[in-house]
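Here is how the chains run, residue by residue.
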Number of protein chains: 2
Amino acid sequence: MARDENRSRSATDRVGTICRALRRAIIEQALEPGAKLPEDALGERFGVSRTIARHALGQLAAEGLVELRRNRIAVVATPSWQEARDTFDIRIELERLVVRQLAGRLSKAQIAQLHAHVDAEDEARNGPDAISIRLATEFHILLASMTESPILIRYVSEIAYRCCLTLSLFSRPHSSECAINEHRLLIDALANGDADTVMSLMHHHLDSVASRALVAQSKPRGRDIMDILAPYADLPRPMQAASRDAAPAGSKAGAGKAAG
Amino acid sequence: MARDENRSRSATDRVGTICRALRRAIIEQALEPGAKLPEDALGERFGVSRTIARHALGQLAAEGLVELRRNRIAVVATPSWQEARDTFDIRIELERLVVRQLAGRLSKAQIAQLHAHVDAEDEARNGPDAISIRLATEFHILLASMTESPILIRYVSEIAYRCCLTLSLFSRPHSSECAINEHRLLIDALANGDADTVMSLMHHHLDSVASRALVAQSKPRGRDIMDILAPYADLPRPMQAASRDAAPAGSKAGAGKAAG
DNA sequence: GGCATCACGTTTGCATGCACTTTTGCCATG
DNA sequence: CATGGCAAAAGTGCATGCAAACGTGATGCC
């Protein structure tokens, strides 16, 4: 209910503020994957002490947007290709659930709101890539928020942000073209009300977004030094050089840090 | 290699320790929903300062196991019936994904491990309910962990714990009977390798667990006082009214302080 | 007696300080 | 000249202290 909204919105929710700011900076690629996030700097920037900054980083780490290594500076997360693939797989299921719950149950106002958002996407299409990606992501979050299921909203948001991060890592300059159209189709199908149709539409949409982005395991730019250099490291000799930069996927893989 | 693997497991990962302890205490109902978790107390109990305890609470709040209200003592989360239902819906999708990835790909050792776990469940069947519930939950987490997808593992674990919490809230004494059998069926189907079969099996399994637990919106025991009393509050004056402003349902916010 | 007010103890919110770890630049040494 | 090691610098890990907010019981007023 509304009773505990005021505490986290209007009240001095400083860690939430920092989280939102960082989230946005990350998904807009103002902060690239691997970028360092020292507590001091954040604290100073946002006018708070390290305690708060640290807490915010903890939150973001729990969401998978930043990586926290002990005694080391926090960095923006750099999902591996495999993680990216897994993330999209999860996302597909989650969002199928979203549209299943939504199909045929949206009010006219909600449909209008969705259309308005896509309009905004359209406008931003020629702007910077980061903005289009963010808007596309927020479309899905908007959709999720219409389920009014806090848990679903949270998971979809989280996953969507992670996918967004992934996209910024792997995707080529322009892949959001057709996605906008697919968003419109989605809205129409939702209004129309056939759950199966809209589920399959969503599935296809996300699948193709993932495919467009994750084709051929392109090089993860900005990734950790060790990983970037991995393919170069085991060249037997400097001579017969690098035709094979197809990058062995999970060399340092597993990549340790799971839940926790 | 292995350069930073030791850090977070064996090293002084105190907040992780506290998280694990609390998680377990919560899902075993040692800490019932609504139970207070003062930072001081936790800190003292685990031999750390409030800083650490606070951080752990933050983590658990991010996982949805505890509720954090500003300037108030943290409490174990008490999911509403609707949230519970939503949680299970999400869980079904996620775990379908798990078994889809796993079907026909498990090693003999893994199958043995799964069977061993179910054996443990079997043994605990006559023990305290909380233990059976925990083991049943951990079966699913074990399954998820076999996907070796960190993200999927994390989400399934989180969701499963939340469901576990829900179960402890809503479920009647003994509903885990048949679940154990269903676990065995699941393993067999996984070994057999037909993805569709095992997915539908998992779906049915979770669905029936949810149904057994969430039938008829049974009273949420241990829930917030205001909610527990809600149905009693609008009884039309049993004999002779104390006052006319008999606590409307959502009045908890203003009740305490405002009056204006 | 009922109700509003107030004051005190409790608990969180947050900043700061210190110890410890990692990193980096520098120097001695082979 | 290359290499190993040391020491200063930077940054995190964590405890503690203080202020503000909340909860509660006591007090005074009607």
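Values in this document were obtained by computation on a predicted structure and should not be read as measured data.

(A) View of the overall build of chain A. From N to C terminus, chain A includes 11 helices and 3 strands. Across chain A, the fraction of contacts at a sequence separation of at least 24, relative to all contacts at a separation of at least 6, is 76%. Put simply, chain A shows about 13000 Å² of open surface, and 53% of that area lies on carbon and sulfur atoms.

(B) Spotlight on the protein's contact with DNA strand C. Neighbouring residues of DNA strand C: 18 residues in total, closest Ser49 and Thr51 of chain A together with Glu39, Arg50 and Arg54 of chain B. Counting only atoms of DNA strand C within 4 Å of the protein, the fraction found in sugar and phosphate groups is 75%. Note that a phosphate oxygen of DNA strand C is positioned 2.5 Å from one of the side-chain N or O atoms of Ser49 of chain A. Between DNA strand C and the protein, one listed contact pairs a sugar or linking oxygen with a side-chain N or O atom of Arg70 of chain B at 3.2 Å. For the surface near DNA strand C, the elements supplying multiple residues, two or more each, are helix 4 (50–63) of chain A together with helix 3 (39–46) and helix 4 (50–63) of chain B. Per-element tally for the surface near DNA strand C: the top contributor is helix 4 of chain A, with 3 residues.

(C) Region of the structure containing the nonpolar core. Of all hydrophobic cores here, the largest spans 134 residues; its most connected members are Ile90, Leu94 and Leu143 of chain A together with Ile90, Leu94 and Leu143 of chain B. If near-sequence neighbours (up to four positions away) are discounted, Leu94 of chain B is found in contact with Ile90 and Leu94 of chain A together with Leu152, Tyr155, Val156 and Ile159 of chain B.

(D) Structural context of unusual backbone geometry. Even without being glycine, Gln29 of chain B reaches a positive phi, approximately 65°. Look at Asn71 of chain B: it is not a glycine, yet its phi comes out positive at around 65°.

(E) Structural context of the sheet that holds strand 1 (residues 36–37) of chain A. Residues and elements named next belong to chain A. Taken together, 3 strands build an open sheet; the order of strands is 1-3-2 and the sheet is antiparallel. Whereas interior strands pair on both sides, the edge strands pair on one side only; in this sheet they are strand 1 and strand 2 (66–67). As paired strands, strand 2 and strand 3 (residues 74–76) are joined by 2 bridges and run antiparallel to one another. Within strand 3, the position partnered with Val66 by the bridge is Val76.

(F) Quick peek at the protein's contact with DNA strand D. Around DNA strand D, the structure places 18 residues, and the nearest of them are Arg54 of chain A together with Ser49, Thr51, Ile52 and Arg72 of chain B. Within 4 Å of the protein, the contacting atoms of DNA strand D are 76% sugar and phosphate, with bases supplying the remainder. In the environment of DNA strand D, a sugar or linking oxygen lies 3.3 Å from a nitrogen or oxygen atom belonging to the side chain of Arg14 of chain B. Arg72 of chain B places a side-chain nitrogen or oxygen 3.0 Å from a phosphate oxygen of DNA strand D.

(G) Looking closely at helix 5 (residues 81–102) of chain B. For helix 5 of chain B, spanning 22 residues, the distance from its first C-alpha to its last is 31 Å, which sits close to the expected 32 Å at 1.5 Å a residue. Looking one or two places after helix 5 of chain B, you find Gly104 of chain B, whose phi comes out positive at around 75°.

(H) Structural detail: the side chain of Glu121 of chain A. With respect to the helices and strands, the residue Glu121 of chain A is situated in helix 6 (residues 108–123). Arg184 of chain A provides the closest opposite charge to the buried, unpaired Glu121 of chain A, separated from it by 8.0 Å.

(I) How the structure looks around the sheet that holds strand 3 (residues 74–76) of chain B. Pairing is antiparallel across the open sheet formed by 3 strands, whose spatial order is 1-3-2 (chain B). Every other strand in the sheet has two partners, leaving strand 1 (36–37) and strand 2 (66–67) of chain B as the edge strands with one partner each.

(J) Geometry of the confidence of the model for chain A. Residues and elements named next belong to chain A. Mean pLDDT for chain A: 82, with 76% of residues reaching 70 or above. Across residues 1–10 the pLDDT falls below 50, and counting only partners more than four positions away or on other chains, this stretch makes 7 contacts in the model. Across residues 236–260 the pLDDT falls below 50, and counting only partners more than four positions away or on other chains, this stretch makes 15 contacts in the model.

(K) Region of the structure containing the pattern of salt bridges. All names here are of chain A. Enumeration according to the criterion identifies 30 salt bridges over all chains in this entry. Glu39 is the partner of Arg54 in a salt bridge, and the nearest nitrogen-oxygen pair spans 2.4 Å. Note that Arg54 is positioned in helix 4 and Glu39 in helix 3 (residues 39–46), a separation of 15 residues in sequence. Arg184 serves as the salt-bridge partner of Asp122, at 3.4 Å between the closest nitrogen and oxygen. Of this pair, Asp122 sits in helix 6 while Arg184 sits in helix 9 (residues 177–192); the two residues are 62 residues apart in sequence, bridging distant segments of the chain. Residue classification places Asp122 among the partly exposed residues on the basis of a relative accessible area of 27%.

(L) Examining the side chain of Glu39 of chain B more closely. All names here are of chain B. Owing to a relative accessible area of 18%, Glu39 belongs among the buried residues under this scheme. In terms of polar contacts, Glu39 uses its side chain to reach the side chain of Arg54, at 2.5 Å. What Glu39 contacts, discounting residues up to four positions off in sequence, is Arg50, Ala53, Arg54 and Leu57.

(M) Geometry of the packing of aromatic side chains. On inspection of all chains with the given rule, the structure shows 1 aromatic pair over all chains. The cationic tip of Arg154 of chain A hangs over the ring face of Tyr155 of chain A; the distance from NZ or CZ to the ring centre is 5.6 Å.

(N) Geometry of the packing of helix 6 (residues 108–123) of chain B against helix 7 (residues 129–145) of chain B. Residue and element names in this part refer to chain B. It is the contact of helix 6 with helix 7, at a shortest axis distance of 9 Å, that shows an interaxial angle of 170°. Classified by the interaxial angle, the pair formed by helix 6 and helix 7 is roughly antiparallel. Where helix 6 abuts helix 7, its residues Gln113, Leu114, His117, Val118, Ala120 and Glu121 lie against Leu135, Ala136, Glu138, Phe139, Leu142 and Leu143. Residue classes in the contact of helix 6 with helix 7 are distributed as 8 nonpolar, 2 polar and 2 charged.

Cut-off values and rules
- Residues numbered from 1 in each chain as written.
- Chains lettered and ligands numbered in written order.
- Predicted model: local features only at pLDDT ≥ 70, side-chain atom pairs only at ≥ 80, totals over all residues.
- Heavy atoms only, no water.
- Helix = DSSP H or I, 4+ residues; strand = E, 2+ residues; numbered from the N terminus.
- Contact = heavy atoms within 4.5 Å.
- Areas by Shrake-Rupley, 256 points an atom, 1.4 Å probe, with all protein chains shown as cover.
- Near = heavy atom within 4 Å.
- Polar contact = N/O pair within 3.5 Å; in protein donor to acceptor, adjacent residues only side chain to side chain.
- Core = buried A, V, L, I, M, F, W, Y, C linked by side-chain atoms within 4.5 Å.
- Buried < 20%, exposed > 50% of the residue type's maximum accessible area, 1.4 Å probe, protein only.
- Pairing = 2+ DSSP bridges.
- Expected span 1.5 Å × (residues − 1).
- Lys, Arg positive; Asp, Glu negative; His and termini not counted.
- Salt bridge = Lys/Arg side-chain N within 4 Å of Asp/Glu carboxyl O.
- pLDDT = per-residue confidence, 0-100.
- Phe/Tyr/Trp six-rings, centres within 6.5 Å; stacked < 30°, edge-to-face > 60°.
- Lys NZ or Arg CZ within 6 Å of the ring centre and 35° of its normal.
- Axes fitted to C-alpha atoms, helices over the stretch in contact; angles between N-to-C directions.
- Parallel < 35°, antiparallel > 145°, perpendicular 65-115°, else oblique.
- Nonpolar A, V, L, I, M, F, W, Y, C, P; charged D, E, K, R; others polar.

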